[in-house]
Amino acid sequence: MAKEFHRADRVADAMRRELAQLIQHEVRDPRVGMVNVNDVEVSRDLTTAKVYVTLVGEDDPSKIEIAMTALNKAAGFLRSQLAKEIQIRIIPRLYFRYDETSVRGQHLSALIDKAVKADQKHSEAGDDQVDEGRGEDKGHQEESND
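Residues numbered from 1 in each chain as written. Predicted model: local features only at pLDDT ≥ 70, side-chain atom pairs only at ≥ 80, totals over all residues. Heavy atoms only, no water.

## With respect to the sheet that holds strand E3 (residues 93–98)
For sheets, the rule is that strands pair by backbone hydrogen bonds, running either parallel or antiparallel. Taken together, 3 strands build an open sheet; the order of strands is E1-E2-E3 and the sheet is mixed. With partners counted over all chains shown, the strands left at the sheet margins are strand E1 (35–42) and E3, one partner each. Along the sheet, successive strands turn relative to each other by an average axial angle of 25°, direction set aside. The sheet strands contacting helix H1 (residues 7–26) are E1, strand E2 (48–55) and E3, and the helix crosses E1 at an angle near 155°. (Pairing = 2+ DSSP bridges. Helix = DSSP H or I, 4+ residues; strand = E, 2+ residues; numbered from the N terminus. Axes fitted to C-alpha atoms, helices over the stretch in contact; angles between N-to-C directions. Contact = heavy atoms within 4.5 Å.)

Written out as structure tokens, the structure is:
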């Protein structure tokens, strides 16, 4: 069964594409930096839109908060620019949110990689001990055969 696409989904997709371009080319605030627009959720009545973004290369929570404040202050400007690009009667009001899922995903991936490496080192150390134990057993067996 094919997934149904509602009007809000189509509007959200168009807004995501346009916002990525607009933020990159039109927002001149140095506090914003490089922004990735991950997702846009538009309400069913098309009045509000939550825009989920990440900041490229930024880990400092205070700088993230400053950038998010700057984006939310630029929301009116971005909304007016969207009105020029997207042909719908009412452009949803924009609310920018910091998307922590990619940061959490990277952190979890790093933890998994660390655990796998530790497990490999542990199993290699265990194999070395088993090989040493086998070597001693072989030597013991050879002595008893003579």
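## Quick look at the nonpolar core
As a rule of thumb, soluble globular proteins bury nonpolar side chains together. Among the nonpolar cores identified, the biggest contains 32 residues, and Met15, Ile23, Val40, Val42, Leu78, Leu94 and Phe96 are the most heavily contacted of them. If you list the elements that add at least two residues to this core, you get H1, E1, E2, helix H2 (61–73), helix H3 (75–85) and E3. Here this core takes 8 residues from H1, the largest share from any one element. Those residues in contact with Val42 that lie beyond four places of it in its chain are Ala8, Val11, Ala12, Met15, Thr48, Ala49 and Pro92. (Core = buried A, V, L, I, M, F, W, Y, C linked by side-chain atoms within 4.5 Å. Buried < 20%, exposed > 50% of the residue type's maximum accessible area, 1.4 Å probe, protein only.)

## Some words on the side chain of Thr54
Looking at the element boundaries, Thr54 is found in strand E2. Looking at Thr54, the relative accessible area reads 8%, which means it is buried.

## Structural notes on the side chain of Asp99
Within the secondary structure layout, Asp99 lies in the loop between E3 and helix H4 (101–145). Look at Asp99: it is buried, it has no salt bridge, and the nearest opposite charge is Arg104 at 6.1 Å. Among all residues touching Asp99, those that are not within four sequence positions of it are Asn38, Tyr52, Val53 and Thr54. (Lys, Arg positive; Asp, Glu negative; His and termini not counted. Salt bridge = Lys/Arg side-chain N within 4 Å of Asp/Glu carboxyl O.)

## Let's talk about the environment of Met68
If you trace the backbone, Met68 turns up in helix H2. What makes Met68 buried here is its relative accessible area of 6%. Between the C-alpha atoms of Met68 and Arg97, which are 29 residues apart in sequence, the distance is 7.1 Å. Once residues lying within four places of it in the same chain are set aside, the contact partners of Met68 are Val53, Phe96, Arg97 and Tyr98.

## Section: unusual backbone geometry
Backbone geometry at Leu46 places phi at a positive 60°, although glycine is not the residue there. By the element assignment, Leu46 lies in the loop between E1 and E2.

## Here's the deal with the packing of H1 against H3
H3 packs onto H1 with a crossing angle of 120° between their chain directions and a minimal axis gap of 10 Å. Judged by the inter-axis angle, H1 sits oblique to H3. Our pair here, H1 against H3, has a crossing hand that is right-handed. Along its contact with H1, which presents Met15, Glu18, Leu19, Leu22, Ile23 and Glu26, the element H3 presents Phe77, Leu78, Gln81, Leu82 and Glu85. (Parallel < 35°, antiparallel > 145°, perpendicular 65-115°, else oblique. Left-handed = near helix turned anticlockwise from the far one by under 90°.)

## So, the pattern of salt bridges
Per the stated rule, a full pass over the model turns up 3 salt bridges. In this structure, Arg16 engages Asp13 in a salt bridge whose closest nitrogen and oxygen atoms are separated by 2.9 Å. You can see Arg16 and its partner Asp13 sitting in helix H1, 3 residues apart, about one turn around the helix. For Arg16, a relative accessible area of 29% corresponds to the partly exposed category. Assessed through its relative accessible area of 31%, Asp13 is described here as partly exposed. With a closest N to O distance of 2.9 Å, Arg17 and Asp13 form a salt bridge. Highlighted residues: Arg17 and Asp13, both in helix H1, separated by 4 residues, approximately one helical turn. One salt-bridge network, in which partners are shared between bridges, spans Asp13, Arg16 and Arg17.

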